[in-house]
Amino acid sequence: MKYVEEFNDPALARRLLDEIHATVTRPWAMMEVCGGQTHSIIRHGIDQLLPDEVELIHGPGCPVCVTPLEMIDKALAIASRPDVVFCSFGDMLRVPGTGRDLFRVKGEGGDVRVVYSPLDALTIARREPDKQVVFFGIGFETTAPANAMTVHEARRLGIGNFSLLVSHVRVPPAIDAIMRAPECRVQAFLAAGHVCSVMGTAEYPGLAERHRVPIVVTGFEPLDILEGVRRTVRQLERGEHRVENAYPRAVREAGNPAALRMIEEVFEVSDRAWRGIGVIPDSGWRLSDAFREYDAEYRFDVGDVRTEESCDCRSGEVLQGLIKPNECPAFGGTCTPRTPLGATMVSSEGACAAYYLYRRLEVTPVG
Amino acid sequence: MADTGAIGAGASGTAIGTGVIDTVVDPANWSCPAPLRDHPVVVMGHGGGGALSAELTQHLFSPAYGNETLAALTDSAAVQLGGARLAFTTDSYVVRPLFFPGGSIGDLAVNGTVNDLAMSGARAAYLSTAFILEEGVRLDVVGRVAQAVGAAASAAGVRVATGDTKVVESGHGDGVYLNTSGIGLIPPGVDIRPQRATPGDVIIVSGPIGAHGVAVLSVREGLEFGSDVVSDTAPLGGLVAAMLAVTPDLHVLRDPTRGGLATSLCEIAAASGTGVVLTESAVPVPDSVTAACGFLGLDPLYVANEGRLVAFVPPEHADAVLAAMHDHPQGAGAAVIGTCVTEHPGMVVARTGLGGTRVVDLPLGEQLPRIC
């Protein structure tokens, strides 16, 4: 298939690996920002094939993982209401809130539906005017345009029984927060390709300059990731810290102007809590005042739901690259995909789940 | 086993026969043992064919029924009756939509049960059919399903010997639910079950995987996408007979339906205590399935098949069995995909196309589409 098989070619992968092996002279720690990249790295065994000097630190770019527990609890409260059809992307259904998940709400009679697009939720709202239809609008810059578009369409079409539960997060403030942490070991970033396909690359030169780190926009197939690593290693070895685009088939410098306009119209930048990390200033979006009436948090008055995270879960340190998943005492013991303490163990893109699912043979729990 | 699709909007079922008999519990005092306590109500994952399904069987049904026939980890039970060894199985079909590219619930209900019998080495002889119809469903729809059952039975060389019909009120069903049970004779000298997987066994899949699951998803309400993929639903009794003609000593056969090839391999590794090494690049996956799985965020290894089998064959017979499969229409695309090893007992490890390795695990419940 075009753009899948070509980017999975073992012979080309070998060439890129040979070049990386030939270039590297000392240890480097780089963070792949996106959970999709983490998943691909572990699934294809890419980390096993890189030189020992290249350490991949798994970043916070899994939207499921960083959605705060409190927001999950708000979703559970709304989804439990008899008048609500609660629509979500599939992988949010298994994320544990306090004591239960959306699957459980569904099993108990709640109307929880998996959709592939927020516009499908809008279609449901139009078909079922007696119901309140809520879409769980989470994710990074990748999912924001479609969610913004849905709210825009709800207003344009006069669909009043639709609302959005918003927990959107933005990558650049998270990179800044990671680099500001005193114990930070990250020396370079593989930036999330699909985030950049929406936003472009204009947000990154300032970060690269301020923190003196190479930032290489990287895709998701094995060859994309190896090419991102190759360019990053080359910059590190040369002492450079530039923004490079190693994913030009999807990313333009200016991003996607139509998507950016839609985000601009519907959302405004806000502080946002990240699960396991805490509040990062300006790191999220919320519906702007003009669209407040479509905000499910206001419509259903769940502003008073307050939740504390499990103190045994060290996913925050994993998400910041401070520890590897298997260095958490709970890993593989009290915390498994079956009984996750934190969201990094739930989502297939979470670093802990990826380690547990694919790497049990090599990694043993520490501590 | 019945396909239920991979997504939450579908339906659900659980196969008996994957359990280990625990102590029998006192029904008056019964409480769900861990880890079922996480879900005091049934969730869709209990029918997904993964870990939750296995736990339901192991912790709830097996203790309640408690007998040795159930304890064997097989798609169909092998039972002794008079002088005959029979394979016996039942399955319920709750697929949505009822008709999909390449087949219908009627084809699945016949082929699924015929294939469960074939996985014991048996040629299906007789089937029962039980229809649960929802009030208001059009009779021409029921008629089309019945025609499909008849045609599939004829193609598989099996007779529908008995049947039943019930009707539930509108809103209490999903149009047509269908249950079939089947019996067939197991040839003498044949002992096919997952416990017999042995280090050295060669693992063969009978053809490209994933077509059925993708075909059903491509027409599911709310998820329609353009695709030329058609279901692989087909009876496998003839293919199994051709393989048994080479040697009666096939160790394991399984049709990787719900949960896909990965789930079947995990179950066989666990039941036999052998390690399984899967060569990922050797697994045949049609380009169109790769493409659909790519944009849906699904892994073809976990997508349902309805006309494929995976065989564990002693190495001395592997070439001849593979050749016999290639000569049969249902096995034309057969390929060796792995071996049984003494390392990592009970666990499946894939060698990736790039040369790395990873563990292949049971899915917890249903495969969930990813966000981005």
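Residues numbered from 1 in each chain as written. Chains lettered and ligands numbered in written order. Predicted model: local features only at pLDDT ≥ 70, side-chain atom pairs only at ≥ 80, totals over all residues. Heavy atoms only, no water.

**A short note on the overall build of chain A**
Part 1: Counting its regular elements, chain A contains 16 helices and eleven strands.
Part 2: On C-alpha atoms alone, chain A measures out to a radius of gyration of 21 Å, which is about the 21 Å that the 2.2 N^0.38 rule sets for 367 residues.
Part 3: Structurally, chain A occupies a C-alpha span of about 65 × 45 × 45 Å along its principal axes.
Part 4: Considering only contacts within chain A whose residues lie at least 6 apart along the sequence, 77% involve residues at least 24 apart.
Part 5: Carbon and sulfur atoms form 50% of the exposed surface of chain A, whose accessible area is close to 14000 Å².
Part 6: Placing the 41 positive and 51 negative side-chain charges of chain A at their respective mean positions leaves the two points 2 Å apart. (Helix = DSSP H or I, 4+ residues; strand = E, 2+ residues; numbered from the N terminus. Rg over C-alpha atoms; globule rule 2.2 N^0.38 Å. Contact = heavy atoms within 4.5 Å. Areas by Shrake-Rupley, 256 points an atom, 1.4 Å probe, with all protein chains shown as cover. Lys, Arg positive; Asp, Glu negative; His and termini not counted. Charge placed at Lys NZ, Arg CZ, Asp CG, Glu CD.)

**Concerning the overall build of chain B**
Part 1: Along its length, chain B carries nine helices and 14 strands.
Part 2: Out of the 372 residues belonging to chain B, those deemed buried represent 57%.
Part 3: Contacts in chain B between residues at least 24 apart in sequence constitute 84% of all its contacts with a sequence separation of at least 6.
Part 4: With an accessible surface of roughly 14000 Å², chain B has 56% of that area assigned to carbon and sulfur atoms. (Buried < 20%, exposed > 50% of the residue type's maximum accessible area, 1.4 Å probe, protein only.)

**A few points about the packing of aromatic side chains**
All names here are of chain A.
Part 1: For the structure on display, the rule yields seven aromatic pairs over all chains.
Part 2: Look at Phe140 and Trp274: their rings are 5.8 Å apart centre to centre, the planes differ by 65°, and that puts the pair in the edge-to-face class. Taken together, the residues Phe140 in the loop between strand S5 (132–139) and helix H8 (144–157) and Trp274 in strand S10 (residues 267–274) connect sequence positions 134 residues apart.
Part 3: Residue Phe140 is classed as buried on the basis of its relative accessible area of 4%.
Part 4: A relative accessible area of 2% means that Trp274 is categorised as buried.
Part 5: The residue whose ring lies beneath Arg155 is Phe291, and the NZ or CZ to ring-centre distance is 4.3 Å. (Phe/Tyr/Trp six-rings, centres within 6.5 Å; stacked < 30°, edge-to-face > 60°. Lys NZ or Arg CZ within 6 Å of the ring centre and 35° of its normal.)

**A closer look at the pattern of salt bridges**
Residue and element names in this part refer to chain A.
Part 1: Applying the stated rule across the entire model yields 34 salt bridges over all chains.
Part 2: Ionic pairing is found between Arg286 and Glu268, a salt bridge with its closest N-O pair at 2.8 Å. Pair noted here: Arg286 is in strand S11 (residues 278–287) and Glu268 is in strand S10, with a separation of 18 residues, a long-range link.
Part 3: One network of salt bridges, in which partners are shared, links Glu19, Glu227, Arg230, Arg231, Arg234, Glu240, Arg242 and Glu244. (Salt bridge = Lys/Arg side-chain N within 4 Å of Asp/Glu carboxyl O.)

**Focus on the sheet that holds S5(A)**
Residue and element names in this part refer to chain A.
Part 1: With respect to topology, six strands assemble into an open sheet ordered S4-S3-S5-S6-S11-S10, the strand pairing being mixed. Two strands close off the open sheet at either side, each with one partner strand: strand S4 (111–114) and S10. Neighbour to neighbour, the strand axes of the sheet diverge by 25° on average, direction disregarded.
Part 2: Where strand S6 (residues 162–169) meets S11, two bridges bridge the pair, whose relative direction is antiparallel. Among the inter-strand pairings, Val169 is bridged to a residue of S11, identified as Gly284. (Pairing = 2+ DSSP bridges. Axes fitted to C-alpha atoms, helices over the stretch in contact; angles between N-to-C directions.)

**Overview of the packing of helix H5 (residues 211–218) of chain B against helix H8 (residues 287–296) of chain B**
Residues and elements named next belong to chain B.
Part 1: At a minimum axis separation of 10 Å, H5 and H8 run at an interaxial angle of 55°. One finds that H5 runs oblique with respect to H8. Crossing of H5 against H8: the hand is left-handed. On the side of H5, the interface is formed by Ala211, Val214 and Leu217, while H8 contributes Val289, Ala292, Cys293 and Leu296.
Part 2: For the contact of H5 with H8, the residue count by class is seven nonpolar, no polar and no charged. (Parallel < 35°, antiparallel > 145°, perpendicular 65-115°, else oblique. Left-handed = near helix turned anticlockwise from the far one by under 90°. Nonpolar A, V, L, I, M, F, W, Y, C, P; charged D, E, K, R; others polar.)

**Focus on the nonpolar core**
Part 1: Counting 90 residues, the largest nonpolar core has A:Ile78, A:Phe86, A:Phe162, A:Leu165, A:Phe189, A:Phe267 and A:Leu287 as the members making the most contacts within it.
Part 2: Of the residues forming this core, the biggest block, six residues, is contributed by helix H5 (residues 69–79) of chain A.
Part 3: Counting only domains with at least three residues in this core, you end up with domain 1 (5–64 + 171–245) and domain 2 (67–168 + 255–299) of chain A.
Part 4: Ignoring any residue separated from it by four or fewer positions in sequence, one finds A:Ile78 in contact with A:Val84, A:Phe86, A:Val134, A:Leu165, A:Ala296, A:Phe300 and A:Val302.
Part 5: Grouped together as the second largest cluster of nonpolar side chains are 49 residues, B:Leu108, B:Val110, B:Met119 and B:Leu322 included. (Core = buried A, V, L, I, M, F, W, Y, C linked by side-chain atoms within 4.5 Å. Domains from an automatic or database assignment.)

**So, empty space enclosed by the protein**
Residue and element names in this part refer to chain A.
Part 1: What the rule picks out here adds up to five cavities of 30 Å³ or more.
Part 2: Its boundaries defined by the atoms lining it, the second largest cavity holds a volume of some 90 Å³.
Part 3: Residue lining of the second largest cavity: 14 residues in total, with Cys313, Cys328, Cys335, Thr344 and Cys352 positioned closest to the centre.
Part 4: Considered class by class, the residues forming the lining of the second largest cavity number ten nonpolar, three polar and one charged. (1 Å grid on protein atoms, 1.4 Å probe; cavity = no way out; pocket = protein on both sides within 12 Å on 5 of 7 lines; lining within 4 Å. Points joined across faces, edges and corners; volume = space filled by probe spheres on them.)

**Comments concerning the state of the cysteines**
Part 1: Counted according to the given criterion, the structure contains zero disulfides over all chains.
Part 2: There is no disulfide at A:Cys313, and the cysteine sulfur nearest it, in A:Cys335, is 6.0 Å away.
Part 3: For A:Cys313, a relative accessible area of 21% puts it in the partly exposed group.
Part 4: Sulfur of B:Cys340: no disulfide; nearest cysteine sulfur belongs to B:Cys266 and is 12 Å away.
Part 5: On the basis of relative accessible area, B:Cys340 is assigned to the buried category, the value being 4%. (Disulfide = S-S within 2.5 Å.)

**Some words on the environment of A:Cys311**
Part 1: Examined against the element boundaries, A:Cys311 turns out to sit in the loop between helix H14 (296–299) and helix H15 (315–319).
Part 2: Through-space distance from the C-alpha of A:Cys311 to that of A:Pro337 is 18 Å; in sequence the pair is 26 residues apart.

**Structural notes on helix H3 (residues 105–118) of chain B**
Part 1: Counted at 1.5 Å a residue, the expected span for H3(B) with its 14 residues is 20 Å, and the 19 Å between its end C-alpha atoms agrees.
Part 2: By the criterion of burial, H3(B) is predominantly enclosed, with 14 of the 14 residues buried. (Expected span 1.5 Å × (residues − 1).)

**Observations regarding the domain arrangement of chain A**
Residues and elements named next belong to chain A.
Part 1: When the domains of chain A are assigned, the result is domain 1 (5–64 + 171–245) and domain 2 (67–168 + 255–299).
Part 2: A C-alpha centroid distance of 30 Å is found between domain 1 and domain 2.
Part 3: Counting from both sides, the interface comprises 17 residues of domain 1 and, opposite them, 22 residues of domain 2.
Part 4: When the two sides are added together, the surface that domain 1 and domain 2 hide from each other amounts to roughly 1400 Å², 75% of it contributed by carbon and sulfur.
Part 5: The largest per-residue losses of area from domain 1 upon contact with domain 2 belong to Pro63, Val64 and Val198, which jointly make up 42% of the total buried on that side.
Part 6: At the surface where domain 1 touches domain 2, the tally comes to zero salt bridges.
Part 7: Where domain 1 touches domain 2, the interface holds five residue pairs in polar contact (both at pLDDT 80 or more). (Buried area = accessible area lost by both parts, 1.4 Å probe. Polar contact = N/O pair within 3.5 Å; in protein donor to acceptor, adjacent residues only side chain to side chain.)

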